[in-house]
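Observations on the three-dimensional arrangement
So you can see what is in the structure, the chains are spelled out below.
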Number of protein chains: 2
Amino acid sequence: MLPVRLHPGGSEGPPPGAEAQPLQRRLGRLASLSPAEMAMIAEACRGPLRELPARGEIHPEGACPPPAALVSGWACRIRMLADGRRQIVAFLLPGDLIGRPPPCLPAPCAALALTRVLLADAQPLFAAGFTEHPPTQTGLGRALRAAELQEEVLLRDQVVRLGRQTAYERLASLLLELRQRLETAGLAQQRGFALPLTQEVLADALGLSVVHVNRTVQQMRRDRLIELRGGQVIILQPEALRSVADWQDIPGLRD
Amino acid sequence: MLPVRLHPGGSEGPPPGAEAQPLQRRLGRLASLSPAEMAMIAEACRGPLRELPARGEIHPEGACPPPAALVSGWACRIRMLADGRRQIVAFLLPGDLIGRPPPCLPAPCAALALTRVLLADAQPLFAAGFTEHPPTQTGLGRALRAAELQEEVLLRDQVVRLGRQTAYERLASLLLELRQRLETAGLAQQRGFALPLTQEVLADALGLSVVHVNRTVQQMRRDRLIELRGGQVIILQPEALRSVADWQDIPGLRD
DNA sequence: CGCAAACCTTAACATAGGTTGTTGCTGCCC
DNA sequence: GGGCAGCAACAACCTATGTTAAGGTTTGCG
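Scoring rules and cut-offs
- Residues numbered from 1 in each chain as written.
- Chains lettered and ligands numbered in written order.
- Predicted model: local features only at pLDDT ≥ 70, side-chain atom pairs only at ≥ 80, totals over all residues.
- Heavy atoms only, no water.
- Helix = DSSP H or I, 4+ residues; strand = E, 2+ residues; numbered from the N terminus.
- Contact = heavy atoms within 4.5 Å.
- Buried area = accessible area lost by both parts, 1.4 Å probe.
- Salt bridge = Lys/Arg side-chain N within 4 Å of Asp/Glu carboxyl O.
- Least-squares fit on C-alpha atoms with pLDDT ≥ 70 in both.
- Disulfide = S-S within 2.5 Å.
- Buried < 20%, exposed > 50% of the residue type's maximum accessible area, 1.4 Å probe, protein only.
- Axes fitted to C-alpha atoms, helices over the stretch in contact; angles between N-to-C directions.
- Left-handed = near helix turned anticlockwise from the far one by under 90°.
- Nonpolar A, V, L, I, M, F, W, Y, C, P; charged D, E, K, R; others polar.
- Pairing = 2+ DSSP bridges.
- Parallel < 35°, antiparallel > 145°, perpendicular 65-115°, else oblique.
- UniProt positions renumbered as here; feature names shortened; annotations may be inferred.
- Expected span 1.5 Å × (residues − 1).
- Arc of directions from axis to C-beta.
- Phe/Tyr/Trp six-rings, centres within 6.5 Å; stacked < 30°, edge-to-face > 60°.

An unreviewed UniProt entry annotates chain A as HTH crp-type domain-containing protein of Teichococcus deserti.

In structure tokens:
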């Protein structure tokens, strides 16, 4: 296997034409979408895309950016304290949505690209999803709403991780979250997926120091729960990992 | 001053007739509301209220409860790990909203009353706020949306607290959050407010042990940043506390 | 009035995780 | 091809916070 660089920094992208899939797949799972709606999503992903290199700033803290969809690459929402400590509040994966439609608060976090990233304008989607019959929304409206609600669920998971779990548990939990989300976007096999994150990035997400992330990864390898090298993770014992992390799958929509 | 018990457990309530104010005040600050809308809020708070004692369960984990408004008393969203560790994900104060209108995900957290609590049915409010012209919402719709967005901001603050701040900083930050929110609801004076929380509850919110919360409170008292006794807090040096906590006020609506 | 429960406080000790610093590997660029 | 940058790995030491256990205080209640 080619040892892939952890910080590819803009080298490889998805095969051309595959860009639309994560967003279509994800939204399609959150609500049943009409062919017209699927076409609209594909159109948005084909439309003029914004490209940023790794470490590029998608929007600064305090901004109120127009809705965009992450078409490819990884990003995060991050907040910095005055003395330079950083906390990654959430990871953004292909198929995730970034801004919000107009009545919105200034974002308390900046959004940063972690790899090279492609962003599509999502305004047409929100316009189509919400202009119609408000309470009983159309498929697209429901899907966008569900995406928003899921993000909140992830935030709560993150709070529990940071507040009450050990380093080992936090790492397990994060890996399971990422696996499930990537699978929804069609970017994970059963047990393995690409993890283009530095241990430093993991540390900022897990509320740990880099050194301790390293220790924890080593331990988890020794315990034969995961393999992690060259930016690829393989979950060797999903059930064991699940029970370490006290993980419950992210729920889908219900009404 | 009467030493108020930390866990009043149902003794005192707000003066009769004052129930409507926190919700009206809060929503009125999030968007300008018509007299009809204000009346509707007052009506909801007068309507048949659900009452729960301290420690009562407002809704269990995994539920998808109809929207309610917290009219008086304190509550929280809480999640428990398999081995009994608990994390308070958010505090709910008078004027806060609890459920969500129908297309919703099963709540990943239970909601628990921390004191005696009164809940109003908020369904009429959501119905009135969102049935109308969808994208450019009426005042009430905007206010409800803003409340939802603010909750997300609070969650992110909580993530940063737990992930990157020390015990001392976490406590400072939480006190400032509560002060601002209570002031919005009309329940805090300039520097002081009622804090009906056990140190154990604080510990579960701050991701600390009870003992360490106690140590931290002691230290903060010694530093003359706060007074805390009998369920009343007084912030002696707001600016110092702010700089310790790296606190930024919760933003209001902008579009 | 006196007891019991719930809560706060303190101390002594244990440990998860932070900090600092060094090493070595890999890919990249001049 | 040598030096440099970014990253993983490892060690030694330090500190914030957790744990256990014990007393002290307040409140509520019989």
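**Quick word on the environment of Ala143(A)**
All names here are of chain A. Assignment of secondary structure puts Ala143 in helix α4 (residues 139-164). Distance from Ala143 to Leu27, taken between C-alpha atoms, is 5.4 Å for residues 116 residues apart in sequence. Residues in contact with Ala143, not counting those within four places in the same chain, are Leu27, Leu30, Ala31 and Leu33.

**With respect to the interface of chain B and chain A**
Chain B puts 58 residues into the contact, and the matching count from chain A is 58 residues. Of the roughly 5100 Å² buried at the junction of chain B and chain A (both faces included), carbon and sulfur atoms supply 57%. When the area that chain B buries against chain A is broken down by residue, the three leading residues are Leu105(B), Arg156(B) and Arg164(B), summing to 17%. At the junction of chain B with chain A, the criterion picks out 12 salt bridges.

**Let's talk about the relation of the copies chain B and chain A**
It takes a turn of 180° to lay chain B on chain A, together with a shift of 0.0 Å along the axis; the resulting RMSD is 0.0 Å. On this basis, the relationship between the two copies can be described by a two-fold rotation axis. Taken together, the interface assignments show that 100% of the residues at the interface of chain B recur at the interface of chain A, consistent with an identical surface on both copies.

**So, the state of the cysteines**
Evaluation of the coordinates by the stated rule reveals 2 disulfides over all chains. Bridging Cys64(A) to Cys104(A), the disulfide has an S-S length of 1.8 Å. With Cys64(A) in the loop between β2 (57-59) and β3 (68-72) and Cys104(A) in the loop between β5 (86-92) and β6 (110-113), this pair connects stretches of sequence that are 40 residues apart. The exposure class assigned to Cys64(A) is partly exposed, which follows from its relative accessible area of 26%. Classification of Cys104(A) by relative accessible area gives buried; the value is 3%. The structure places no disulfide on Cys109(B), whose sulfur is separated from the nearest cysteine sulfur, that of Cys76(B), by 9.3 Å.

**What about the packing of helix α3 (residues 123-130) of chain B against helix α4 (residues 139-164) of chain B?**
Residue and element names in this part refer to chain B. Following both chains from N to C, one finds α3 and α4 inclined at 115°, their axes separated by 7 Å at the closest point. Crossing of α3 over α4 shows left-handed handedness. Of the residues in α4, those in contact with Leu125, Phe126, Ala128, Gly129 and Phe130 of α3 are Leu140, Gly141, Leu144 and Arg145. The residue inventory of the contact of α3 with α4, partitioned by class, reads 6 nonpolar, 2 polar and 1 charged.

**Notes on the sheet that holds strand β10 (residues 232-235) of chain B**
Residues and elements named next belong to chain B. Spatially, β8-β10-β9 is the arrangement adopted by the 3 strands of the open sheet, whose pairing is antiparallel. The open sheet terminates on both sides in strands that have one partner only, identified here as β8 (192-194) and β9 (226-229). With strand direction ignored, the average angle separating the axes of adjacent strands in the sheet is 10°. As defined by bridge partners, β9 adjoins β10 across 4 bridges and the pair is classed as antiparallel. In the strand pairing of β10, Glu227 is matched with Ile234.

**Some remarks on the packing of α4(A) against helix α5 (residues 167-184) of chain A**
All names here are of chain A. Relative orientation of the contacting elements α4 and α5 amounts to 165°, with a least axis distance of 9 Å. As the angle between them shows, α4 and α5 are arranged roughly antiparallel. Both α4 and α5 take part in a crossing whose hand is left-handed. The residues of α5 that touch α4, namely those facing Leu154, Arg161, Leu162 and Arg164, are Glu169, Arg170, Ser173, Leu174, Glu177 and Arg181. Tallied by class, the residues present in the contact of α4 with α5 amount to 3 nonpolar, 1 polar and 6 charged.

**Observations regarding the UniProt feature "domain: HTH crp-type" (unreviewed entry) in chain A**
As annotated in UniProt, the feature "domain: HTH crp-type" (unreviewed entry) corresponds to residues 165-239 of chain A in the numbering used here. Across residues 165-239 of chain A one finds 55% helix and 15% strand; the C-alpha atoms that close the span lie 18 Å apart.

**So, helix α2 (residues 35-46) of chain B**
All names here are of chain B. Relative to the 16 Å expected for 12 residues at 1.5 Å per residue, α2 spans 16 Å between its end C-alpha atoms, a close match to the ideal helical length. Of the residues making up α2, those classed as buried are Glu37, Ile41, Ala42, Ala44 and Cys45. What you see down the axis of α2 is that its buried residues fit within an arc of 160°, all on one side. Relative to its buried face, α2 has exposed residues pointing more than 90 degrees away, namely Pro35, Ala36 and Arg46.

**Remarks on the packing of aromatic side chains**
All names here are of chain A. For the structure shown, the criterion picks out 2 aromatic pairs over all chains. Judged by centre distance (6.2 Å) and plane angle (65°), the rings of Trp74 and Phe91 are edge-to-face. With Trp74 in the loop between β3 and β4 (75-80) and Phe91 in strand β5, this pair connects stretches of sequence that are 17 residues apart. The exposure class assigned to Trp74 is buried, which follows from its relative accessible area of 7%. A relative accessible area of 4% means that Phe91 is categorised as buried.

**Points about the pattern of salt bridges**
Residue and element names in this part refer to chain A. In the structure shown here, the tally under the stated rule is 44 salt bridges over all chains. The shortest N-O distance in the salt bridge between Arg179 and Glu183 comes to 3.5 Å. On the criterion of helical spacing, the pair formed by Arg179 and Glu183 is a turn pair, its members being 4 residues apart in helix α5. Put simply, Glu239 and Arg242 hold a salt bridge, and the shortest N to O gap is 3.7 Å. With Glu239 and Arg242 both in helix α8 (residues 238-245) and 3 residues apart, this pair spans about one turn of that helix. Note on Arg242: relative accessible area 23%, which makes it partly exposed.

**With respect to the pairing of strand β7 (residues 117-121) of chain A**
Residue and element names in this part refer to chain A. For β7, a buried count of 4 out of 5 residues is recorded, marking the element as mostly surrounded by other parts of the structure. As judged from the 3 bridges shared by strand β1 (residues 50-52) and β7, these two strands associate in the antiparallel manner. Opposite Arg50, over in β7, you have Leu119 as the bridge partner. One ladder, built from 4 bridges, connects β3 with β7; its direction is antiparallel. In the sheet register, Ser72 faces β7, and the bridge partner there is Leu118.

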